[in-house]
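Breakdown of the fold
Single-letter residue listing:
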Amino acid sequence: MRTLYDKIWERHIVHREPGRPTLLYIDLHLIHEVTSPQAFDGLRSNGRRVRRPDLTFATVDHAIPTLNRSLPFPDKVAWNQVETLRRNCSEFGIRLFDLDRIEQGIVHVLGPEQGMTQPGLTIVCGDSHTSTHGAFGALAFGIGTTEVEHVLATQTLPQTKADNLRVNVEGDLPFGVTAKDLILAVINRIGTNGGTGCVIEYTGKAIRSLSMEGRMTVCNMSIEAGARAGMIAPDDTTFDYLEGRPFAPKGENWERAVDHWRSLQSDPDAVYDRTVEIDAGELAPFVTWGTSPEMSVMVTEAVPEPAMGRDEASYIKALEYMGLEPSQPIEGIVIDRAFIGSCTNARIEDLRDAARVARGYRVASGVNAMVVPGSMQIKLQAEQEGLAEIFVEAGFEWRDAGCSMCLAMNDDVLGEGERCASTSNRNFEGRQGRGGRTHLVSPSMAAAAAIAGHLVDVRNWKFRS
Amino acid sequence: MTPFVKHTGRAVAIGLANIDTDQIIPKQFLKRTDRSGYGEFLFFNWRFLPDGSPDPGFVLNDPKYATSSILITGANFGCGSSREHAPWSLLDYGFRVIIASGFADIFFDNSLKNGLLPVSLPEPIVDELIKLSTSDEGLKLSVDLEDQIVSGAGLAVRFEIDPFRKESLLSGMDDIDFTLRHEAAISTFERDSMPIYRF
């Protein structure tokens, strides 16, 4: 009667005693330029080494340019961070997927794409969207820099077991409704702290029917519901995705691995602390209207009226920031920018969805739209599949891989008052640039908005061939 | 880590729910490679107008609250990004205690590991403290970790904290030193229990 989370947890216990957090072994540690420098400084000042450089991988993604990568880049402070990571990796013997590598990309795109992310592993990274990797049936969660240092030094983390929340999604997603809409609906339902203190397991037919890309989108935004980790039990979809990837087990080890991975299912009588039921058939494309990912409605709806009670101050502040009025229909909200990218929605399937909408159209005049692939490998694949050509012909900017305007640490930034249809994960005030206004949507919704010049319901799109 | 035992100071309130770490410290300040000096960037977009001058409408710019060291705020404080720069900037600015009806998990852990005490109290009490902090005379509070009591303005409220975390804060213990006491157990795990993978 154990859940998937229970099973992975128990398998990784190094030490436990009453009244103390459990010491958990970490199988895979991913690091990047922004949250690791202080951790390496800590190691050095205490004369410590990296215990398992072989289980640690690095890439650069957060603050790097996605246009013109001639080095060093003009942002000297960001450049220093990249150089610092290079020095740290070389000093401590850590493999780095640097800017000149085809593998380089957003850390949560790279791990799965290279086959490092595997079922049953414990995976951490100094980034809250580490929850993405749970799509493979791994226990994966974001950590702070002090914890990064702890993992570097000990390959373990002291952890207190979380509650287990089950989100069961039955039925089929209707045409035009994607994994992104599904997770926005979950966040809308349970609230942005509905999963606080929990690990979410997503179950049900609608989840099983998702591709790995879709499952990653769902698990990725678990943190936007407050849950440090989201997970989905592995199945043939998972194994098919992993087989043959560079770091996936090979030959006899592959067979043994798959045998073990098949056992990573919650028992039929497993007990969860709480279960939320969602009917996929009732969902439509979702759009956020406010400054928290829970502030969303279906595209056919309007900006809601103020909710009476506690959160009124947040509601009024959000609407004022977003420059919207209560009862204003979502369709028809005029946009200035569109961003297709981020660890939520920059994988090949996301780009295919967006390209299908963009084919044969032009980006509306006055709209700036960009596509930022999740990794250089995806960029190459999209070019080979002819997706890049569709985007470029339609007037989208076609960029190099990185986090880009999801958090706008590089030059990809919204201007004051600019409104953006974005496939990223956070619509916080100033997230994409000070004064910038973010509407979170799926890749096809973002592409449709870029072409129409305003938010539209992609279910009514006239596709061109 | 600086130990936390007891702290007395003036309180200031930002009575909004879901204040995320992007508000606490915006991304443009995450490019530095050290742990200190982030206080001047705390709540940057709320504290400063686009021209760089202080926004007189923001509570931290009110001279009345200039010396505050206890922040009272709404539910789910610290949600979003895992950036540890959030507690670093709060501490560097001068805060030692955050009182809220709830915290986001990663922020909560990051705070404890830096000696910044997150205190969870029931919503009605938080609302009352927010009201008291905006009164003419302001609000001075004492937070005693040993006894787990927040007191001031005639109130005395007990708060809960995990005993291990309490002990760590009181002693200022380094987690890594504690974990390395179990070095032998880590080595045994590595020898006997590693899953099948070949990185």
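What counts as what
Throughout this document, residue positions are counted from 1 along each chain, in the order its sequence is written. Chains and ligands are labelled sequentially in the order written, the chains with letters from A and the ligands with numbers from 1. In keeping with the predicted nature of the model, local features appear solely for residues at pLDDT of at least 70, side-chain atom pairs appear and are counted solely at 80 or more, and the whole-chain, interface and lining totals rest on all residues. Hydrogens and waters are ignored; side-chain quantities use all the structure's heavy atoms. Strands here are runs of E lasting at least two residues and helices are runs of H or I lasting at least four, both read from the DSSP assignment and numbered beginning at the N terminus. Exposure is judged per residue with a 1.4 Å probe applied to protein chains only, and the accessible area is read against the type maximum: over 50% gives exposed, under 20% gives buried, and values in between give partly exposed. Two residues qualify as a contact provided that any one of their heavy atoms is within 4.5 Å of a heavy atom in the partner residue. Here the Shrake-Rupley method, with its probe set to 1.4 Å, supplies the accessible areas, and only the displayed protein chains count as covering residues. Strand pairing is defined by DSSP finding a minimum of two bridges between the two strands. Here an angle of 0 to 180 degrees is reported between the N-to-C directions of two axes, which are lines fitted to C-alpha atoms, with helices fitted over the stretch in contact. Small angles under 35 degrees read as roughly parallel and large ones over 145 as roughly antiparallel, with 65 to 115 read as roughly perpendicular and the rest as oblique. By definition, any crossing whose near helix is turned counterclockwise from its far helix by less than a right angle is left-handed, and any crossing with a clockwise turn is right-handed. Ten residues, namely Ala, Val, Leu, Ile, Met, Phe, Trp, Tyr, Cys and Pro, are considered nonpolar, four, namely Asp, Glu, Lys and Arg, are considered charged, and the remaining ones, Gly among them, are considered polar. For this analysis, a salt bridge means a side-chain nitrogen from Lys or Arg found within 4 Å of a carboxyl oxygen belonging to Asp or Glu. Put simply, buried area is the surface a 1.4 Å probe can reach on two separate parts but cannot reach once they are joined, added for both. The term polar contact refers here to a pair of N or O atoms within 3.5 Å; inside protein, the definition further demands a hydrogen-donor-capable atom paired with an acceptor-capable atom, and it admits residues adjacent in sequence only when both atoms are side-chain atoms. Given a helix with a known number of residues, its expected span is that number minus one, times 1.5 Å.

A few words on the overall build of chain B. Helix and strand counts for chain B stand at eight helices and seven strands. Across its three principal axes, chain B shows a C-alpha extent of roughly 65 × 45 × 25 Å. For chain B, with 199 residues in total, the buried portion stands at 59%. For chain B, the proportion of contacts with a sequence separation of at least 24, taken over those separated by at least 6, is 66%. With an accessible surface of roughly 7,700 Å², chain B has 52% of that area assigned to carbon and sulfur atoms.

Moving on, we get to the sheet that holds strand S2 (residues 22-25) of chain A. All names here are of chain A. Across the sheet, which stays open at both edges, the three strands sit in the order S1-S2-S8 with antiparallel pairing between neighbours. Strands with a single pairing partner mark the edges of an open sheet, and in this sheet they are strand S1 (13-15) and strand S8 (156-159). Strand-to-strand twist across the sheet, computed as the mean angle between neighbouring axes with direction ignored, equals 40°. Two strands pair when backbone bridges link them, and S2 and S8 are joined in this way by four bridges, in the antiparallel orientation. Paired with Thr22 across the two strands is Gln159, which belongs to S8. Sitting on the sheet, helix H1 (residues 4-11) touches S1, S2 and S8, and the angle it makes with S1 is about 40°.

Residues and elements named next belong to chain A. Remark: helix H12 (residues 348-358) packs on helix H13 (residues 376-384), axes separated minimally by 10 Å, with the N-to-C direction vectors making an angle of 40°. On the basis of their axis angle, the class for H12 and H13 is oblique. As H12 packs across H13, the resulting crossing turns out to be right-handed. Residues Ile348, Leu351 and Arg352 of H12 touch H13, and the partners they reach there are Ile378, Gln381 and Ala382. In the contact of H12 with H13, the residues fall into four nonpolar, one polar and one charged.

In this section: the pattern of salt bridges. If you walk through the whole model with that rule in mind, you get 42 salt bridges over all chains. Asp174(B) is paired through a salt bridge with Arg48(A); the nearest N and O atoms lie 3.6 Å apart. Remark: Arg48(A) occurs in the loop between helix H2 (37-45) and strand S4 (56-59) and Asp174(B) occurs in the loop between helix H6 (163-171) and helix H7 (175-180); the pair is interchain, linking two chains. Arg48(A) sits in the buried class, given a relative accessible area of 15%. For the salt bridge of Asp172(A) with Lys205(A), the shortest nitrogen-to-oxygen distance reads 2.7 Å. Of this pair, Asp172(A) sits in the loop between strand S9 (163-170) and helix H6 (179-190) while Lys205(A) sits in helix H7 (residues 205-208), placing them 33 residues apart in sequence. Taking relative accessible area as the criterion, Asp172(A) reaches 44% and is therefore assigned partly exposed. Put simply, Arg51(A), Arg52(A), Asp54(A), Glu183(B) and Glu190(B) are held in one network by salt bridges that share partners.

Along the chain, Ser342(A) falls in the loop between strand S15 (337-340) and H12. Other than its neighbours up to four places away in sequence, Ser342(A) contacts Ile106(A), Val372(A), Cys406(A), Thr423(A), Ser424(A) and Asn425(A).

Let us now look at the interface of chain B and chain A. Listed by partner, the interface residues are 61 residues for chain B and 80 residues for chain A. Taken together, the two surfaces of chain B and chain A that pack against each other cover about 5,900 Å², and 54% of this comes from carbon and sulfur. Our enumeration of links across chain B and chain A arrives at 10 salt bridges. For the pair chain B and chain A, the number of links is 30 residue pairs in polar contact (both at pLDDT 80 or more).

Moving on to H6(A). All names here are of chain A. Here H6 spans 17 Å end to end across 12 residues, near enough to the 16 Å set by a 1.5 Å rise per residue. The buried fraction of H6 is high, at 10 of 12 residues. Along H6, the residues classified as buried are Ala179, Lys180, Asp181, Leu182, Ile183, Leu184, Ala185, Val186, Ile187 and Ile190. Note on H6: the residue one or two positions beyond its end, Gly191, has a positive phi of about 90°.

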